[in-house]
Amino acid sequence: MGAEDVRTESGTLTKQDFEALARFRFGIRRYLRFSEETVRSHGLAPQQYQLLLALKGFPGRDWATVRELADRLQLRHHSVVELVNRAQGQGLVERLPHPDDARAVRVQLTVDGEQILARLSALHRDELRRMDSHLALPAWHDEPAERDGKTP
């Protein structure tokens, strides 16, 4: 095994695999930097945009509880409470009674929150389209031949 090859449980990583990983990570970082700069230029913090997106993109409904948002954003409950407080202070979200649980509240977007999210998300979609080749999942060189449509 050469210095550029590494053996793992799932197979050997080649120089091409490392290049693919590096290219993919570069694409992720480039996209995140674009996102942070774009969101800030529209007067929001990156986590506020993520909050709005998590609300609008929540599966099956347009609202979520703080606990659900904490899970989606991978943040602690108290951090999400502060994030929601700031967004509510800016008129981006509102708290309403939970329909089934009197101990919980639902958080949902306001009209202003919907508008800024739509603007920012369109910019993000356009950037993702431009970056398509940078964010394509790498093709690994240790995959079985049948994945390429060939049989062993």
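In this report, the structure presented in the accompanying data block is examined. (Residues numbered from 1 in each chain as written. Predicted model: local features only at pLDDT ≥ 70, side-chain atom pairs only at ≥ 80, totals over all residues. Heavy atoms only, no water.)

### Considerations on the packing of helix H2 (residues 46-56) against helix H5 (residues 111-130)
In step 1: Remark: H2 packs on H5, axes separated minimally by 10 Å, with the N-to-C direction vectors making an angle of 100 degrees. As the angle between them shows, H2 and H5 are arranged roughly perpendicular. Contacts from Tyr-49, Leu-52, Leu-53 and Lys-56 in H2 reach Gly-113, Glu-114, Ile-116, Leu-117, Leu-120, Ser-121 and His-124 in H5. (Axes fitted to C-alpha atoms, helices over the stretch in contact; angles between N-to-C directions. Helix = DSSP H or I, 4+ residues; strand = E, 2+ residues; numbered from the N terminus. Parallel < 35°, antiparallel > 145°, perpendicular 65-115°, else oblique. Contact = heavy atoms within 4.5 Å.)

### A word on the side chain of His-124
In step 1: For His-124, the location among the structural elements is in helix H5.
In step 2: Apart from the residues within four sequence positions on either side, His-124 is in contact with Tyr-31, Phe-34, Ser-35, Val-39 and Tyr-49.

### Examining the environment of Ala-139
In step 1: Inspection of the secondary structure puts Ala-139 in the segment after H5.
In step 2: Overall, the relative accessible area of 56% leaves Ala-139 in the exposed class.
In step 3: Each C-alpha atom, one on Ala-139 and one on Asp-17, is 7.8 Å from the other, the two residues being 122 residues apart in sequence. (Buried < 20%, exposed > 50% of the residue type's maximum accessible area, 1.4 Å probe, protein only.)

### Looking at the packing of H2 against helix H3 (residues 66-73)
In step 1: Contact geometry of H2 with H3 gives a least axis separation of 10 Å together with a crossing angle of 115 degrees. Between H2 and H3, the interaxial angle falls into the category roughly perpendicular. Our pair here, H2 against H3, has a crossing hand that is right-handed. For the pair H2 and H3, contact is made by Gln-50, Leu-51, Ala-54 and Leu-55 and by Leu-69, Arg-72 and Leu-73, respectively.
In step 2: Within the contact of H2 with H3, the residues separate by chemical class into 5 nonpolar, 1 polar and 1 charged. (Left-handed = near helix turned anticlockwise from the far one by under 90°. Nonpolar A, V, L, I, M, F, W, Y, C, P; charged D, E, K, R; others polar.)

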